[in-house]
Amino acid sequence: MLEYPKRYDVIVIGGGHAGCEAALAAARMGCQTLLLTLYLDSIGLMACNPSIGGPGKGHLVREIDALGGEMGRNIDETMIHIRILNESKGPAVQAYRAQADKREYHLRMKRVLENQKNLDVKQGMVEEILVENGKVIGVGLREGWVFRGKCVIVATGVYLRGLVHIGLTHFESGPLGETAAWKLSESLKKIGLKLGRLKTGTCARIDGKTIDFSSLVPQPSADEPLSFSFRSEKKLCRGYFCWMTRTNEKTHEIIRSSLDRSPLFTGVIEGRGPRYCPSIEDKVVRFPDRSSHTVFLEPEGKRTLEFYLQNFSTSLPVDVQIKMVRSLPGLEKAEIMRPGYAIEYDFVFPTQLKPSLETKEIEGLFMAGQINGTSGYEEAAAQGLIAGINAALKLRGEEPLILSRAEAYIGVLIDDLVTKGTEEPYRILTSRAEYRLLLRQDNADFRLTPYGYKVGLIRKDEYERFLLKRKRVEEEIRRLNAVRVPPSDKVNEILRSIGSSPIEQPVTLAQLLKRPEVTIEKIMEIDPSCNNNLNPEERKQVEIEIKYEGYIKRELSLVEYFKKMENKKIPPDIDYDAIPGLSNEGREKLKKIKPISLGQASRISGVSPADISLLSIYLSTRGQSSS
């Protein structure tokens, strides 16, 4: 093999959502970075659905942006449709979801990477991770080159030993017919990593000119300007709709009668599929009492007629897929442009990683994205960003950035992976977060932008704008708690108009705002001196902070206990065999996971409260009671 003359600080393998964020983060933090991808024309590829966001996932995108990542800005620049999901529910589960022009999403991300200082982008297939004395030193390519690097981030998505299934036919492939990578899996095993097998899938794409839209329920974009990024101009999307239809008994009968040709139900597929995003045949079998399931038709872009069938992924044979699609109202004459399929791929069991996403056994080797067992663009991008940040911090000789479960959904995601592991594609959910009222999408910048500025991903001017925003919000909250409103005909008339009780004695504006039926807009009618410099998003944040003050304080008190547990650090050289009384299972799990804190240890499956108590006493005797 020939050695490439340029030496790199960080080498990123893979140009998907994880790899893009990892490479940009490392380069923007001053590291000489190389991104290696199978195809330059697939950088930032949206291989599955043409959308970004949703509950949990949208929260991740806002957090990525607050830290200085690129995904939020990329979707803002390329979206053609955006909605707020769960608007009728509480603020903790409300989230943005946007439809992208898939081609523009890829092209913009490619352009950003190519123009990034300190970043080289090259096409090639990595087949070997080079390691000396337990430390990564570079990578070897199929094309005959060796690239040397101090840190390597593996972000290979679903390409490792990819195997596509359509009915009982299967063939080696990455997503959308691209080449799979086979030899890298063997290299990862050779250096001591344990690999497993997972499965994911996608749906058929439909020719838009064969759809009867008059039979579908339209879903227009939001009627207000929105953006994922705190640093983007808000955008009003017009001209593109999503559409809704439903399966029916005919659809279900077609599926049931074809299960003998399903790779999923005949044992052909070995990998575990995603629990929270199952195929349509899996839904029909698992929920036999359901007479129908919702299917969303999503446009794939401005310059294409392809539509994506959300909630209709399948690996049944093509002839069956045609019958299934044409059983749906509005799709009776639909033509399939690309069939749905399932894809199996290798992943690395994530309990082999530190919370920084560096592998425990190989120094300088990081893992990010679907190779860690996750599903989804957003989960991948979040891991890529953290891996890129931590690779750069490692080279600076600084402590890694590890976000806690009380600070971010990113913290929940990574802690779940490295502490509990996964044997099925992991998807972030709002229900996974213990402190989700604190981890709302509206306050992601309040929680994380100081970290982004500290590591160097948020520019000074951006940080100063953030500080001014935070000051405006905090000042308005203080003012609403201080200003008292006396009873008056005007005030009581406004209250009666919204079904709220009139006041008989002076109350603060904050007390009025805590009433469920009173909005911040009504407060502005009552008190015209309200801060009109606040934009709608900032006013909404003020409203949430005041309305949910009691619940927020309760969660903050729980966080204090959580922090105490997280601050009880466990030294890396601890000898669990020397701790008397630990259960055999607890001792085994602690030795395997190697938790960094008592809090993390308490979340390991199989480690009992009694084990934690004994471990806490042992740490206290060693003077490890706090960080």
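Analysis parameters
- Residues numbered from 1 in each chain as written.
- Predicted model: local features only at pLDDT ≥ 70, side-chain atom pairs only at ≥ 80, totals over all residues.
- Heavy atoms only, no water.
- Helix = DSSP H or I, 4+ residues; strand = E, 2+ residues; numbered from the N terminus.
- Rg over C-alpha atoms; globule rule 2.2 N^0.38 Å.
- Contact = heavy atoms within 4.5 Å.
- Areas by Shrake-Rupley, 256 points an atom, 1.4 Å probe, with all protein chains shown as cover.
- Lys, Arg positive; Asp, Glu negative; His and termini not counted.
- Charge placed at Lys NZ, Arg CZ, Asp CG, Glu CD.
- Expected span 1.5 Å × (residues − 1).
- Buried < 20%, exposed > 50% of the residue type's maximum accessible area, 1.4 Å probe, protein only.
- 1 Å grid on protein atoms, 1.4 Å probe; cavity = no way out; pocket = protein on both sides within 12 Å on 5 of 7 lines; lining within 4 Å.
- Points joined across faces, edges and corners; volume = space filled by probe spheres on them.
- Nonpolar A, V, L, I, M, F, W, Y, C, P; charged D, E, K, R; others polar.
- Core = buried A, V, L, I, M, F, W, Y, C linked by side-chain atoms within 4.5 Å.
- Pairing = 2+ DSSP bridges.
- Axes fitted to C-alpha atoms, helices over the stretch in contact; angles between N-to-C directions.
- Phe/Tyr/Trp six-rings, centres within 6.5 Å; stacked < 30°, edge-to-face > 60°.
- Polar contact = N/O pair within 3.5 Å; in protein donor to acceptor, adjacent residues only side chain to side chain.
- Parallel < 35°, antiparallel > 145°, perpendicular 65-115°, else oblique.
- Disulfide = S-S within 2.5 Å.

1. With respect to the overall build of the chain
Moving on, step 1. Per the secondary structure count, the chain includes 20 helices and 23 strands.
Moving on, step 2. For 627 residues, the compact-globule estimate of 2.2 N^0.38 gives 25 Å, and the chain sits close to it at 26 Å.
Moving on, step 3. Its C-alpha atoms give the chain principal-axis dimensions of about 85 × 75 × 50 Å.
Moving on, step 4. Sequence-distant contacts in the chain: of pairs separated by 6 or more residues, those separated by 24 or more amount to 72%.
Moving on, step 5. Accessible surface, the chain: about 26,200 Å² in total, of which carbon and sulfur atoms supply 50%.
Moving on, step 6. The distance from the centre of the 91 positive side-chain charges to the centre of the 83 negative ones in the chain is 1 Å.

2. Here we look at helix α4 (residues 102-114)
Moving on, step 1. Along its 13 residues, α4 runs 19 Å from first to last C-alpha, staying within 8% of the 18 Å computed at 1.5 Å per residue.
Moving on, step 2. For α4, the complete set of buried residues consists of Lys-102, Glu-104, Tyr-105, His-106, Arg-108, Met-109, Lys-110, Val-112 and Leu-113.

3. Here's the deal with unusual backbone geometry
Moving on, step 1. Of note in the backbone geometry, Asn-118 takes a positive phi value of approximately 75 degrees without being a glycine.
Moving on, step 2. Examined against the element boundaries, Asn-118 turns out to sit in the loop between α4 and β7 (119-123).
Moving on, step 3. Backbone geometry at Lys-594 places phi at a positive 55 degrees, although glycine is not the residue there.
Moving on, step 4. By secondary structure assignment, the location of Lys-594 is in the loop between α18 (584-593) and α19 (598-602).

4. Here we look at the layout of surface pockets
Moving on, step 1. Of the pockets and cavities examined, the second largest pocket occupies roughly 1,400 Å³.
Moving on, step 2. Considering the residues around the second largest pocket, the lining is formed by 49 residues, among which Pro-355, Glu-399, Pro-400, Ile-402 and Ile-596 are closest to the centre.
Moving on, step 3. For the lining of the second largest pocket, the secondary structure elements donating two or more residues are α9 (377-396), α10 (409-420), α11 (444-455), α17 (549-567) and α18.
Moving on, step 4. Among the residues making up the lining of the second largest pocket, the classes are represented as 25 nonpolar, seven polar and 17 charged.

5. What to know about the nonpolar core
Moving on, step 1. If you look at the biggest cluster of nonpolar residues, it comprises 107 residues, and the most contacted ones within it are Ile-129, Val-139, Leu-188, Leu-365 and Ile-410.
Moving on, step 2. Top element by residues in this core is α9. It accounts for 11 residues.
Moving on, step 3. Ile-129 has contacts with Ile-13, Val-136, Gly-138, Val-139, Val-152, Val-154, Leu-184, Ser-187, Leu-188, Ile-191 and Leu-365, leaving out every residue within four places of it along the chain.
Moving on, step 4. Counting 24 residues, the second largest nonpolar core, distinct from the first, contains Cys-203, Ile-254, Val-320 and Leu-328.

6. Thoughts on the sheet that holds strand β12 (residues 169-172)
Moving on, step 1. Judged by pairing direction, the sheet is antiparallel, and its four strands sit side by side in the order β12-β11-β20-β13 without closing on themselves. Strand pairing shows two members of the sheet lacking a second neighbour, β12 and β13 (195-202), which therefore form its edges. Across this sheet, the average inter-strand angle for adjacent strands is 25 degrees, counted without regard to direction.

7. Looking at the packing of aromatic side chains
Moving on, step 1. Throughout the structure, instances matching the rule amount to 13 aromatic pairs.
Moving on, step 2. Look at Tyr-4 and Trp-145: their rings are 5.6 Å apart centre to centre, the planes differ by 75 degrees, and that puts the pair in the edge-to-face class. With Tyr-4 in the loop between β1 (2-3) and β2 (8-13) and Trp-145 in strand β10 (residues 145-154), the pair connects residues that are 141 residues apart, well separated along the chain.
Moving on, step 3. By relative accessible area, which is 32% here, Trp-145 ends up partly exposed.

8. Here's the deal with the sheet that holds strand β6 (residues 95-100)
Strand-to-strand pairing in sheets goes through backbone hydrogen bonds, with the strands running parallel or antiparallel.
Moving on, step 1. One open sheet holds the three strands; their spatial order is β4-β6-β5, and the pairing between them is antiparallel. Here the strands that pair on one side only, and so sit at the sheet edges, are β4 (51-53) and β5 (79-85). Adjacent strand axes in the sheet meet at a mean angle of 20 degrees when their direction is disregarded.
Moving on, step 2. Sheet analysis places β5 next to β6, joined by six bridges and oriented antiparallel. Within β6, the residue paired with Met-79 across the bridge is Ala-100.

9. Here's the deal with the side chain of Arg-108
Moving on, step 1. If you trace the backbone, Arg-108 turns up in helix α4.
Moving on, step 2. Engagement of the side chain of Arg-108 in a polar contact is seen with the side chain of Glu-70, the distance being 3.0 Å.
Moving on, step 3. Ignoring sequence-local partners within four residues, the contact set of Arg-108 consists of Glu-70, Arg-73, Asn-74, Glu-77 and Thr-78.

10. A look at the pairing of strand β9 (residues 135-141)
Moving on, step 1. Of all the seven residues making up β9, six are buried; the element is thus mostly covered by neighbouring parts of the structure.
Moving on, step 2. The turn joining strand β8 (residues 126-132) and β9, which pair antiparallel and follow one another in sequence, is formed by two residues; a positive phi near 50 degrees is taken by Asn-133.
Moving on, step 3. Note that β9 and β10 share three bridges and pair antiparallel. Its bridge partner lying in β10, Gly-140 is registered against Val-146.
Moving on, step 4. Where β9 hands over to β10, the hairpin turn is made up of three residues, of which Gly-144 adopts a positive phi near 100 degrees.

11. Regarding α10
Moving on, step 1. Look at α10: 16 Å from first C-alpha to last across 12 residues, which is about the 16 Å you get at 1.5 Å a residue.
Moving on, step 2. Counting buried positions along α10 gives 11 out of 12 residues, so the element sits mostly inside the fold.
Moving on, step 3. Within the span of α10, buried status applies to Tyr-409, Ile-410, Gly-411, Val-412, Leu-413, Ile-414, Asp-415, Asp-416, Leu-417, Val-418 and Thr-419.
Moving on, step 4. Here the buried face of α10 lies against α2 (57-67), α9, α18 and α19.
Moving on, step 5. One or two residues past the end of α10 sits Gly-421, with phi positive at roughly 70 degrees.

12. Concerning the packing of α9 against α10
Moving on, step 1. Close contact between α9 and α10 brings their axes to 10 Å; oriented N to C, the two are set at 85 degrees. By the angle between their axes, α9 is roughly perpendicular relative to α10. Between α9 and α10, the contacting residues are Glu-379, Ala-382, Gln-383 and Ile-386 on the first element and Ile-410, Leu-413, Ile-414 and Leu-417 on the second.
Moving on, step 2. Looking at side-chain class alone, the contact of α9 with α10 contains six nonpolar, one polar and one charged residues.

13. Re the side chain of Arg-603
Moving on, step 1. Inspection of the secondary structure puts Arg-603 in the loop between α19 and α20 (609-621).
Moving on, step 2. Within the structure, the side chain of Arg-603 is placed 2.6 Å from the side chain of Asp-415, a separation counted as a polar contact.
Moving on, step 3. Only 3.1 Å separates the side chain of Arg-603 from the backbone oxygen of Gly-599, close enough to count as a polar contact.

14. Focus on the state of the cysteines
Where two cysteines share a covalent bond between their sulfur atoms, that bond is called a disulfide.
Moving on, step 1. Considering all chains together, one arrives at zero disulfides under this definition.
Moving on, step 2. Looking at the unpaired Cys-20, the closest cysteine sulfur is the one in Cys-31, lying at 17 Å.
Moving on, step 3. Considering cysteine sulfurs only, Cys-48 is the nearest to Cys-203, which forms no disulfide, with 6.6 Å between them.
Moving on, step 4. Cys-203 sits in the buried class, given a relative accessible area of 0%.

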